[in-house]
Amino acid sequence: MKLKHVVASMCVLGLAMPAFAATNSKIAKAEAIINQNAPVNNVSTMNWQNRVTVGGLINADLLWGNNSPIGTFARTGHGSDVRLNNANLFVDATLNPWVTAHMNIAYYDRVADAGSYGDYYSAPYYAWLNANANRLLLDEAYVTIGNFTRTPFYLRVGKQYLSFGHYDRYPLFVSPAQLLSQLHTTALNAGVVTNDGFYGNVYAFTGKTKENSSKEANINNFGVKVGYLGALHNVGLPNTHYNVNLGWLRNIYDVDAIQDAITSYNPGLTAKRVGGLSLHGGLCTGPFALTANYVAALKRLVPFYYGGDPAGRLWAADVNGSYSFKSFNRDSKLGLSYQWTGNVSQMPFIMYTVPHYRFAVDYMVNLWKYTDLALGLAFNTGYKVDAPSYTTNSTDR
């Protein structure tokens, strides 16, 4: 929203101008002394209400599942929960035509009471789910340099979600492909977005997983993404657009889910880097949309437990379709998704939380302005486990 300012009477301001000028000068000198070593905002006093926007986002969930924690493959019976999935406060500022700033303060609720289930399938296998639980944190804070009316290039630096993979940050069901690609860190990111549809970017950051314990922290992880966004109206398909992109990451150990699992299960793990690959394709024509995603490790990952066998090359994929329409004179959307994974069975940090196969259906309707209601149902099939061997299913939301 735009913040409005109040205009006072000009005659009052005119009569008091010399006194106010002297007072302001004295205050400025005093503040300069007491704030000598503090960061100072030099742009907040000049028409800030025209350059700063404030917004927010809240997702609250009512869940039920036939396993607990909900959506996992524990042996503890059904569970239900009311959860504040996320609450965000966004602040965006336009400093000048070339520089913008963004800040996102976020709160995340607890996913599961890891460690309270008292069996082989409890902590630490669920602990990584709560890496950011019950926390108020600075989720994003970055500066972007660029002016797309003058140049297709941009530069972004700060804490951000990097472009490896392709996903919705807060979906109804987090797909395995998102888990294996979401990468949230402080990075330098440079890219280009052309009017012809081509886009791409490269990024660099300090990864947390080292190849050996003696190495110091350095900028050691890099990624690149290239894509094309186009239309098919020239071949007789009006209102039809497509988007394809390819991403590469130097070390997939640094994606959020894997890094959270390492921190919870085997902190200090050292491993030779393993590259990651992401593919995305999307087609939208009228009210119909179809997307597909694939994310994979390019080599075998080391086990996260002592004495374990190396895992295969982890991969995850999904195919999604949706149809937008009016229901009860409200904008609505019906979605279907099929998701599956491979070579996860040797990785206990995710095998009890990531499905082998999942089929999901969801329905979303806009109740009021900026207010949506979504209903979803997911059927999950887990991996067979070794001790004891069994396969279990879970149902979400």
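Further up the page is the structure itself.
The structure presented is a predicted model; accordingly, all values stated were derived computationally and were not measured.

Engineer: Could you give an account of the overall build of the protein chain, with specific residues and numbers?
Structural biologist: Of regular secondary structure, the protein chain possesses 4 helices and 16 strands. Expressed as a percentage of its 397 residues, the buried residues of the protein chain come to 38%. Across the protein chain, every contact between residues at least 6 apart in sequence was considered, and the portion connecting residues at least 24 apart equals 59%. With the model as given, the accessible surface of the protein chain reaches about 22300 Å², and the carbon-plus-sulfur share is 61%.

Engineer: Requested: an account of the pairing of strand β9 (residues 240–249), with residues and values cited.
Structural biologist: Here strand β8 (residues 221–231) runs beside β9; their pairing, made up of 9 bridges, is antiparallel. Across the sheet, residue Y228 finds its bridge partner in β9, namely V244. Pairing of β9 with strand β10 (residues 276–285), which is carried by 10 bridges, proceeds in the antiparallel orientation. Paired with H241 across the two strands is C284, which belongs to β10.

Engineer: Hey, could you go over a nonpolar patch on the surface for me, with residue numbers and the actual values?
Structural biologist: A cluster of nonpolar side chains, namely L336, Y338, Y357, F359, L377 and F379, defines an oily patch on the protein surface of about 540 Å² accessible area. Taken together, the elements giving at least two residues each to the nonpolar patch come down to β13 (330–342), β14 (357–368) and β15 (371–381). Within the element layout of this structure, F379 appears in strand β15. Taking the relative accessible area as the measure of exposure, F379 reaches 44% and is therefore partly exposed.

Engineer: Please give an account of the side chain of S175 that cites residues and values.
Structural biologist: Mapped onto the secondary structure, S175 falls in the loop between β5 (153–161) and α2 (176–179). Overall, the relative accessible area of 11% leaves S175 in the buried class. Beyond its immediate stretch of four places on either side in the chain, S175 contacts D318, Q339 and R358.

Engineer: So, the pairing of β14: which residues are in play, and what are the values?
Structural biologist: Here β13 pairs with β14 via 9 bridges, running antiparallel. Residue pairing for β14: W340 is matched across the bridge by Y357. With 11 bridges connecting them, β14 and β15 associate as antiparallel partners. Bridge pairing in β15 places F359 opposite F379. Hairpin connection of β14 to β15: 2 residues between the antiparallel strands, including Y370 at a positive phi of 65 degrees.

Engineer: Run through the packing of aromatic side chains, naming residues and quoting values.
Structural biologist: The full count for this structure, using the stated rule, is 9 aromatic pairs. Judged by centre distance (6.3 Å) and plane angle (40 degrees), the rings of Y108 and Y170 are tilted. A residue pair is termed long-range when its members are at least 10 positions apart, and Y108 in strand β3 (residues 99–108) and Y170 in the loop between β5 and α2 qualify at 62 residues. For the pair shown, Y108 and Y170 are each scored as buried. The rings of F288, Y323, F325 and Y363 are connected pair by pair, giving a single aromatic cluster.

Engineer: Explain the layout of surface pockets residue by residue, including any values.
Structural biologist: What the second largest pocket holds in volume is close to 620 Å³. Residue lining of the second largest pocket: 26 residues in total, with R156, Y161, L162, S163 and K225 positioned closest to the centre. Of all elements in the fold, only β4 (135–146), β5, β6 (184–193), β7 (198–205) and β9 reach the threshold of two or more residues within the lining of the second largest pocket. No other element matches β5, which puts 4 residues into the lining of the second largest pocket.

Engineer: So what's going on with the pattern of salt bridges? Which residues, and what values?
Structural biologist: A complete count under the given rule lists 1 salt bridge for this structure. A salt bridge links D331 to K326, with the nearest nitrogen and oxygen atoms 2.8 Å apart. Overall, D331 belongs to the partly exposed group, its relative accessible area being 46%.

Engineer: Outline the environment of H166, listing residues and values.
Structural biologist: Position of H166 relative to the elements: it lies in the loop between β5 and α2. With 81 residues separating them in the primary sequence, H166 and G247 have C-alpha atoms 9.2 Å apart. With residues up to four places along the chain from it excluded, the contact list for H166 reads K225, N243, N245, H280 and N293.

Scoring rules and cut-offs
- Residues numbered from 1 in each chain as written.
- Predicted model: local features only at pLDDT ≥ 70, side-chain atom pairs only at ≥ 80, totals over all residues.
- Heavy atoms only, no water.
- Helix = DSSP H or I, 4+ residues; strand = E, 2+ residues; numbered from the N terminus.
- Buried < 20%, exposed > 50% of the residue type's maximum accessible area, 1.4 Å probe, protein only.
- Contact = heavy atoms within 4.5 Å.
- Areas by Shrake-Rupley, 256 points an atom, 1.4 Å probe, with all protein chains shown as cover.
- Pairing = 2+ DSSP bridges.
- Patch = residues over 30% accessible without salt bridge, like charges linked within 9 Å, V, L, I, M, F, W, Y side chains within 5 Å.
- Salt bridge = Lys/Arg side-chain N within 4 Å of Asp/Glu carboxyl O.
- Phe/Tyr/Trp six-rings, centres within 6.5 Å; stacked < 30°, edge-to-face > 60°.
- 1 Å grid on protein atoms, 1.4 Å probe; cavity = no way out; pocket = protein on both sides within 12 Å on 5 of 7 lines; lining within 4 Å.
- Points joined across faces, edges and corners; volume = space filled by probe spheres on them.

These values are about where atoms sit, not about what they do.
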